Amino acid sequence: MQNLYSIRMRAARGGAHEDGGQHISGAERIVPEDKIPVILQQLYSRARKHELGRPDFININVESLSGWDIKELTSLMVYTMGCRDYQEGRRLAGKVLELKGINPRIVEKGFYYLRGDHFPGTDHSVTSPTGTGPTGTGKNMRGAILMDINTGRRLEPDQSRGIRASRMDYHPEIVPNLYELLDEFGLNNNHVREALCLATKVANVSGVVAELCWSDDPGYTAGYVAAADLGYIRLPHLKEKGSRHGGRIFFIDPGRVKPEDIIKNLEQKTYIITALGPVHGEITFEELKRSLFK
Ligand code: AMP
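Residues numbered from 1 in each chain as written. Predicted model: local features only at pLDDT ≥ 70, side-chain atom pairs only at ≥ 80, totals over all residues. Heavy atoms only, no water.

1. Observations regarding the pattern of salt bridges
With the rule as written, the count across this model stands at 15 salt bridges. For the salt bridge of Glu267 with Arg161, the shortest nitrogen-to-oxygen distance reads 3.1 Å. Of this pair, Glu267 sits in helix α6 (residues 259-268) while Arg161 sits in the loop between β6 (145-148) and β7 (168-170), and the two are 106 residues apart along the sequence. For Arg161, a relative accessible area of 28% gives the class partly exposed. A salt bridge links Glu211 to Arg248, with the shortest nitrogen-to-oxygen separation between them at 2.9 Å. Of this pair, Glu211 sits in strand β8 (residues 208-214) while Arg248 sits in strand β11 (residues 247-252), and the two are 37 residues apart along the sequence. What you see here is one network of salt bridges that share partners, running through Arg8, Glu63 and Arg167. (Salt bridge = Lys/Arg side-chain N within 4 Å of Asp/Glu carboxyl O. Helix = DSSP H or I, 4+ residues; strand = E, 2+ residues; numbered from the N terminus. Buried < 20%, exposed > 50% of the residue type's maximum accessible area, 1.4 Å probe, protein only.)

As structure tokens, this is what we get:
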């Protein structure tokens, strides 16, 4: 593979993230050297035009990946699980997580965090991705919650930042094909493309059992549950329209892999998606379950 560069952007308002600024947006790409100027421009425009507001801090970082170990991956299979509203979407997402062997109590705890509530009766409910209380007055996290599937404990060293999955992208040669595959199901948009890339990396990090996500973008109600064997299961409704509450939970099993190693791989191991998994239409929960156990 030719020499590649990782370009990462993060934007905040009210100062830099490390100085308490509110996270507005983040994105990243892996590209060959000749594409750097155009990607810098794209990421800058994107930071400036986010629905969550105009940032006053933008950091764009360019780093050579020369000498790095770069792993190749196939993107997760994509399905859509139909749901009428976010209540049904959350109920289905919960059932899918339970298929991964995650205890319903731990699943429920994950939902509390993404809703922006405190989880009662715990000593580690101090920081949720969307702040305090159901109306959510706090700040969104830049990264994901890392939750122990055995105890429900949060394992991020810095709970206000979370763990950021980083250093992943599609190989440029497969992008036209990706557009075509997603187009067929009306899924060819930035949200889905980027989330599928991130979810593919996360699902392939050993020790990660599953991921739950919905966006903090007020206009985007869809979200997903993903896991290596289940694929990327998109749910059109996981939150109310207009809500600014969103986030990600990486459910991990620290009994299998040490959390420090999981974090290191999530943040630093470089993956390029060089092949595409199939994109399917709608699947019901029962069909998904049957496909897993046949
Ligand atoms: P988005 O899907 O971009 O709207 O992001 C929704 C939420 O997911 C953000 O508020 C973060 O909490 C989390 N998030 C976004 N990007 C990442 C990432 N690269 N790694 C981990 N968590 C992320």
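So much for the structure itself; the text now carries on.
2. Let's talk about the nonpolar core
Among the nonpolar cores identified, the biggest contains 38 residues, and Tyr224, Tyr232, Phe250 and Leu266 are the most heavily contacted of them. Elements with a contribution of two residues or more to this core: β7, α4 (175-183), α5 (190-204), β8, β9 (223-227), β11, α6 and β12 (270-275). With sequence-adjacent residues up to four places away left out, Phe250 is seen in contact with Ala144, Ile145, Leu146, Met147, Ile163, Ala165, Leu198, Val202, Ala210, Glu211 and Leu266. Counting residues in hydrophobic clusters, the runner-up holds 33 residues, among them Phe111, Tyr113, Ile145 and Ala210. (Core = buried A, V, L, I, M, F, W, Y, C linked by side-chain atoms within 4.5 Å. Contact = heavy atoms within 4.5 Å.)

3. Comments concerning helix α1 (residues 36-48)
The first and last C-alpha atoms of α1 sit 18 Å apart over 13 residues, in line with the 18 Å expected at 1.5 Å per residue. Those residues of α1 that sit buried are Ile36, Ile39, Leu43 and Ala47. Along α1, the residues classed as buried sweep out an arc of 70° about the axis, all on the same side. The exposed residues of α1 that point more than 90 degrees off its buried face are Pro37 and Gln41. Where the residues of α1 are buried, they touch β1 (4-13), β2 (22-32) and β3 (57-64). (Expected span 1.5 Å × (residues − 1). Arc of directions from axis to C-beta.)

4. Remarks on the sheet that holds β7
Read across the open sheet, the three strands follow the order β4-β12-β7; overall the sheet is parallel. Single-partner strands in this sheet number two, and they are β4 (70-74) and β7. Geometrically, the sheet is characterised by an average inter-axis angle of 30° between neighbouring strands, direction not taken into account. With five bridges connecting them, β4 and β12 associate as parallel partners. Following the sheet pairing, Lys71 is matched in β12 by Tyr271. Contacts between α5 and the sheet are confined to β4, β7 and β12, with β7 contributing the most and set at about 125° to the helix. (Pairing = 2+ DSSP bridges. Axes fitted to C-alpha atoms, helices over the stretch in contact; angles between N-to-C directions.)

5. What about the packing of helix α2 (residues 86-99) against helix α7 (residues 285-293)?
Interhelical geometry of α2 versus α7 gives an angle of 10° and a closest axis separation of 11 Å. If you check the angle between α2 and α7, you find them roughly parallel. For the pair α2 and α7, contact is made by Leu92, Lys95, Val96 and Leu99 and by Phe285, Leu288, Lys289, Leu292 and Phe293, respectively. Residue composition of the contact of α2 with α7, grouped by class: seven nonpolar, no polar and two charged. (Parallel < 35°, antiparallel > 145°, perpendicular 65-115°, else oblique. Nonpolar A, V, L, I, M, F, W, Y, C, P; charged D, E, K, R; others polar.)

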